[in-house]
Each structure stands twice: as structure tokens, then as C-alpha cells.
Amino acid sequence: MSRRHAQDDTAHLPRSRPGTTGHHRVRTGTEPVTARSALRLRLVLGVLGLLVFLFGTALFALWAGTVTQRDVPDPTQLTVLAVICGILAVFAAVDLVVVVLRLLRER
């Protein structure tokens, strides 16, 4: 009888996608092997989110420029809101780039 070494059994499993390296564990989840994200829905929501956050950034920035320190909300608060909207717009833009690249790779 040959001695079986305590080698990793996952070494003989196919890789999940081409170009990946390393060992993958055996799947124990209930999701299908071919589960995919709804990329077209993510694309639509990403575009809407980008437009809303760009509009919010411009609105709060313009509003901050027209108020005085005695007004409520004051310019500092409006500037903070403009910055937050700008950061969220950047996240939406990055997500759009990822979605478009995945859609192109799918074709």
C-alpha cells in the first residue's frame, strides 16, 4: 500500500477563474457556482448615484458661497455637506468604472 501524505486535497481542484493563483477551499455555501452580480442594474444605480451626488456637491457648494456666518446652516456646515457629496460621487464613479470593465470582460 502506498502511503498517502497529508497533502492539501484542494490542490487538485480547478481554479475558480483563469489567472488566479494559490489554493482555493472547497465551497460550502449555498449560492450557485456561477452566481453573478446584476451588472446592468448596478450600472443604472451607479449613474443615478453619480448624478445625485454631483448635483448635491454643486448645490451645497453654491449655497455655502451665498450665506453668511450668521445664517443657519452656516457656510462651514454646507461646505462639509459638499465635501461629503463629492466623496460619494468619487465612490460612485469608481464603481461605474469597475462595472463597465466587468461588462466589457463579460463580452
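Everything discussed here concerns the structure shown above.
### What about the environment of I84?
So, point 1. Along the chain, I84 turns up in helix α2 (residues 75–106).
So, point 2. Accessibility expressed as a relative area gives 42% for I84, which makes it partly exposed.
So, point 3. Through-space distance from the C-alpha of I84 to that of T57 is 7.9 Å; in sequence the pair is 27 residues apart.

### Considering the side chain of D74
So, point 1. Its location among the elements puts D74 in the loop between α1 (39–66) and α2.
So, point 2. For D74, which is buried and forms no salt bridge, the nearest opposite charge comes from R70, at a distance of 11 Å.
So, point 3. Within the local environment of D74, its side chain forms a polar contact with the backbone nitrogen of Q77, the two atoms lying 2.9 Å apart.

### Some remarks on the environment of G65
So, point 1. Along the chain, G65 turns up in helix α1.
So, point 2. For the pair formed by G65 and P75, sequence separation is 10 residues and the distance between their alpha carbons is 7.0 Å.

### Looking at the pattern of salt bridges
So, point 1. Tallied over the entire structure, the rule returns one salt bridge.
So, point 2. Put simply, D95 and R42 hold a salt bridge, and the shortest N to O gap is 2.5 Å. Of this pair, D95 sits in helix α2 while R42 sits in helix α1, and the two are 53 residues apart along the sequence.
So, point 3. The exposure class assigned to D95 is partly exposed, which follows from its relative accessible area of 25%.

### Focus: the nonpolar core
So, point 1. With six residues, the main nonpolar core is built from F60, A64, V67, L78, A82 and C85.
So, point 2. Counting only elements with at least two residues in this core, the list comes to α1 and α2.
So, point 3. For this core, the element with the highest residue contribution is α2, accounting for three residues.
So, point 4. Beyond its immediate chain neighbours, meaning those up to four positions away, F60 contacts L78, L81, A82 and C85.

How each quantity is defined
- Residues numbered from 1 in each chain as written.
- Predicted model: local features only at pLDDT ≥ 70, side-chain atom pairs only at ≥ 80, totals over all residues.
- Heavy atoms only, no water.
- Helix = DSSP H or I, 4+ residues; strand = E, 2+ residues; numbered from the N terminus.
- Buried < 20%, exposed > 50% of the residue type's maximum accessible area, 1.4 Å probe, protein only.
- Lys, Arg positive; Asp, Glu negative; His and termini not counted.
- Salt bridge = Lys/Arg side-chain N within 4 Å of Asp/Glu carboxyl O.
- Polar contact = N/O pair within 3.5 Å; in protein donor to acceptor, adjacent residues only side chain to side chain.
- Core = buried A, V, L, I, M, F, W, Y, C linked by side-chain atoms within 4.5 Å.
- Contact = heavy atoms within 4.5 Å.

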